Amino acid sequence: KQEVTQIPAALSVPEGENLVLNCSFTDSAIYNLQWFRQDPGKGLTSLLLIQSSQREQTSGRLNASLDKSSGRSTLYIAASQPGDSATYLCAVRPGNNNDMRFGAGTRLTVKP
Amino acid sequence: DVKVTQSSRYLVKRTGEKVFLECVQDMDHENMFWYRQDPGLGLRLIYFSYDVKMKEKGDIPEGYSVSREKKERFSLILESASTNQTSMYLCASSLNIADTQYFGPGTRLTVL
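Residues numbered from 1 in each chain as written. Chains lettered and ligands numbered in written order. Predicted model: local features only at pLDDT ≥ 70, side-chain atom pairs only at ≥ 80, totals over all residues. Heavy atoms only, no water.

Chemist: What is the right way to read the overall build of chain A from this model?
Modeler: Counting secondary structure elements, chain A contains zero helices and 11 strands. Taken from the N to the C terminus, the helices and strands of chain A come in the order β-β-β-β-β-β-β-β-β-β-β. Its C-alpha atoms give chain A a radius of gyration of 13 Å, near enough to 13 Å, the size a compact globule of 112 residues would have. The C-alpha extent of chain A, read off along each of the three principal axes, is 40 × 25 × 20 Å. Per-residue burial over chain A gives 44% buried out of 112 residues. Contacts spanning at least 24 positions in sequence make up 55% of the contacts within chain A whose residues lie at least 6 apart. Each charge class in chain A can be summarised by its mean position, and for the 11 positive and 9 negative side chains these summaries are 4 Å apart. (Helix = DSSP H or I, 4+ residues; strand = E, 2+ residues; numbered from the N terminus. Rg over C-alpha atoms; globule rule 2.2 N^0.38 Å. Buried < 20%, exposed > 50% of the residue type's maximum accessible area, 1.4 Å probe, protein only. Contact = heavy atoms within 4.5 Å. Lys, Arg positive; Asp, Glu negative; His and termini not counted. Charge placed at Lys NZ, Arg CZ, Asp CG, Glu CD.)

Chemist: I would appreciate a short explanation of the nonpolar core in the present structure.
Modeler: One broad trend across soluble globular proteins is that nonpolar side chains are buried collectively. One finds L33(A), W35(A), L75(A), I77(A) and Y88(A) to be the most contacted residues of the largest nonpolar core, which totals 22 residues. Contributing elements (two or more residues each) for this core: β3 (19-25), β4 (32-38), β5 (44-51), β7 (62-67), β8 (72-77), β9 (86-93) and β11 (106-111) of chain A. Those residues in contact with Y88(A), other than ones at most four positions away along the chain, are Q6(A), L21(A), W35(A), F36(A), R37(A), L47(A), L75(A), I77(A), G105(A), T106(A) and L108(A). Judged by nonpolar contacts, the second largest core, of 20 residues, contains M32(B), Y64(B), F74(B) and C91(B). (Core = buried A, V, L, I, M, F, W, Y, C linked by side-chain atoms within 4.5 Å.)

These figures come from the coordinates and say nothing about function on their own.
Next up, the structure:
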């Protein structure tokens with residue numbers, strides 16, 4: 001059964017820093033991987049989706065990479081801003097179906 | 001823009017009560033999902049539906065049932081609420097089964 005781990009559980013950085021959030025998964029046979037953002041008390045917003053055939057996806061200051069063989073993905077945030085403060089969740093889809101496995105998330109705080 | 005709405009943001013119920021959580025999406029999506037989110041556990045799938053009147057159990061269906069009488073509406077029912085069902089409940093929808101899921105704002109349910 002696919003398990004998804006995100007370390008650290010919480011991260012605090014000063015404004016302007018570049019940072020990396022980590023996601024690891026136990027089974028390298030995946031269909032796609034997705035990064036979400038969740039603001040306190042709110043639902044999830046999709047940030048980036050990487051198909052299994054891709055190595056990375058970029059959107060603005062965000063870059064997500066995927067290394068299936070090592071079971072890892074990273075979310076790189078450049079020039080962090082206080083508005084980036086949120087919980088970031090990684091989700092892995094093992095196959096072309098509904099079954100999506102979520103990590104517990106990394107709570108990011110960017111201090112002004 | 002896809003919009004997924006949930007009937008309540010916060011709900012307080014007593015043990016043994018029957019609880020209805022409603023979710024509506026406005027993008028004619030085939031698939032709808034109910035998750036619960038608990039600290040340190042990430043999101044866990046309760047039930048999903050791939051068509052009107054069709055439903056499938058997720059990872060943790062015990063104590064829950066669902067109803068999908070119309071395409072745009074997916075209801076989660078707690079037949080007899082218990083304190084261990086205190087949680088954040090998130091609804092999502094997607095066009096195709098392996099597509100990006102769009103999430104509602106969540107309902108924080110407290111069972112006393």
